[in-house]
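# Topology and contacts: notes
If you want the building blocks of each chain, they are given just below.
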Amino acid sequence: MNTLSEIADVLRRLKSAVIFTHMRPDGDALGSAMALHRALFMLNIRSEVVNEGDIPEKFLFLEGMNSIRRAPTIDAEAYICVDSSDEARLGYAQAAFAAGAKKGKVTVNIDHHISNTRFCKYNFVRLRASNCENIAELIALMGVKPDKLLASYLLTGMVTDSGGFSHGDVNGDTFRAAAATADAGADVGAITYEVFKKQPKARAKLYAEVISKLRYDLDDRLVTALVTQSQLAKYGLKQDATEGIVDFGLSVAPVEVSVCMMEVKKGQYKASLRSKGAVNVNEVAGVFGGGGHVLASGCMFFGSFEEAYDRLRYAVAQRLPQ
């Protein structure tokens, strides 16, 4: 694995770059990408950010988020992946990334997931509460002093991936990195409101319906929420409206593992897993081809919901302390 200093040297010598983020981007993916994009701009290096799908509306309060493209539009010399554990996480953008790598473009991977496969020429993976902590250090090594906008991108990633600085992997380094963004002008109150508290009435109704139908199992140590396509259609919402639902389950005292199963389409479910620490949900997700963190991971299921639930329940049961 490379050091951040080595990668900073590589990036400073570039003339152009495309920055890729994972499909269904969260605040950490977007914050990582846009902060690096801003830093390259401040160094007069041309760049653009690519994501395969729509950007969740709650992040559009940040300037520049609507400039993210679905595919590369510049013939850049480097392809940089942030907050992505493997090429498959890029979704449809994986084809463009793979084609560029085949042509000999410089590839860079900066991530914080334990399941990262080190799939680029230059790789830096360090387990942190958020990848934006890694990006903040990289930007400093590049010699860039964050302005308010760059700092706001970084703090958005730190706030979202740490659950408002409440997750078990938050440490002193997390707070020191966040403090630096606040010193540069980022407003933690405004960001926290936009990404955690602000929601349309329709989303509040969906949340209430889903929470009222939680399924408890394994002596109430496993709780599962199901969000169907018909529910999303009923309230006129997109898939990003389900973000945060999985976290509610962990607030229930006996629960050790909380899961949100979102119906992507008939016969396909995206599972988001959270743990209080007794169960390594990265291992659970890994059974089904997914991964992420020890306390927060995800995977995909195919088939009926009940089949998927039974398989997931068994995998969790195998790892629950007796």
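For the structure, check the block above.
Quick summary incoming for the structure in this document. (Residues numbered from 1 in each chain as written. Predicted model: local features only at pLDDT ≥ 70, side-chain atom pairs only at ≥ 80, totals over all residues. Heavy atoms only, no water.)

A word on the overall build of the protein chain. When you go through the protein chain residue by residue, the secondary structure sums to 12 helices and 11 strands. Its C-alpha radius of gyration of 19 Å places the protein chain within 12% of the 20 Å reference for a compact globule of 322 residues. In terms of principal-axis extent, the alpha carbons of the protein chain reach across some 55 × 40 × 40 Å. The contacts of the protein chain with a sequence gap of at least 6 include a subset with a gap of at least 24, amounting to 67%. Surface accessibility of the protein chain: about 14,300 Å² in total, with carbon and sulfur atoms responsible for 51%. Here the protein chain contributes 38 positively and 37 negatively charged side chains, and the mean placements of these two sets differ by 4 Å. (Helix = DSSP H or I, 4+ residues; strand = E, 2+ residues; numbered from the N terminus. Rg over C-alpha atoms; globule rule 2.2 N^0.38 Å. Contact = heavy atoms within 4.5 Å. Areas by Shrake-Rupley, 256 points an atom, 1.4 Å probe, with all protein chains shown as cover. Lys, Arg positive; Asp, Glu negative; His and termini not counted. Charge placed at Lys NZ, Arg CZ, Asp CG, Glu CD.)

A word on unusual backbone geometry. As a rule of thumb, non-glycine residues mostly have phi less than zero, and peptide bonds are mostly trans rather than cis. Here the phi dihedral of R24 falls at roughly 50°; this positive angle occurs in a residue that is not glycine. By the secondary structure assignment, R24 is in the loop between β1 (16-20) and α2 (27-42). Exposure remark for R24: the relative accessible area of 31% places this residue in the partly exposed category. One non-glycine residue, F165, lies in the positive phi region at around 65°. Its place among the elements puts F165 in the loop between α5 (148-161) and α6 (172-183). (Buried < 20%, exposed > 50% of the residue type's maximum accessible area, 1.4 Å probe, protein only.)

Bringing the packing of aromatic side chains into the picture now. The description of an aromatic ring pair rests on the distance of the ring centres and on the angle between the ring planes. Summed over all chains, the structure comprises nine aromatic pairs. A centroid spacing of 6.0 Å and a plane angle of 35° characterise the contact between F305 and Y309, whose relative ring orientation is tilted. Here F305 and its partner Y309 are both found in helix α12 (residues 305-317), four residues apart, which amounts to about one turn of the helix. Taken together, the aromatic side chains of F20, Y79, F97 and F119 make up a single cluster linked through ring pairs. Directly above the aromatic system of Y309 lies the positively charged group of R215, at a separation of 4.4 Å from the ring centroid. (Phe/Tyr/Trp six-rings, centres within 6.5 Å; stacked < 30°, edge-to-face > 60°. Lys NZ or Arg CZ within 6 Å of the ring centre and 35° of its normal.)

This paragraph deals with the environment of K198. Relative to the assigned elements, K198 resides in the loop between α7 (188-197) and α8 (201-211). Placed 140 residues apart in sequence, K198 and K58 show a C-alpha to C-alpha distance of 8.0 Å.

Summed over the entire model, instances satisfying the criterion amount to 17 salt bridges. Among the ionic pairs, R128 bridges to E133, the shortest N-O distance being 3.0 Å. A salt bridge links D217 to R313, with the nearest nitrogen and oxygen atoms 2.9 Å apart. In this pair, D217 is assigned in strand β6 (residues 215-217) and R313 in helix α12, connecting sequence segments 96 residues apart. Residue R313 is classed as partly exposed on the basis of its relative accessible area of 31%. Look at the salt bridges and you will find they share partners, linking D54, R70 and K238 into a network. (Salt bridge = Lys/Arg side-chain N within 4 Å of Asp/Glu carboxyl O.)

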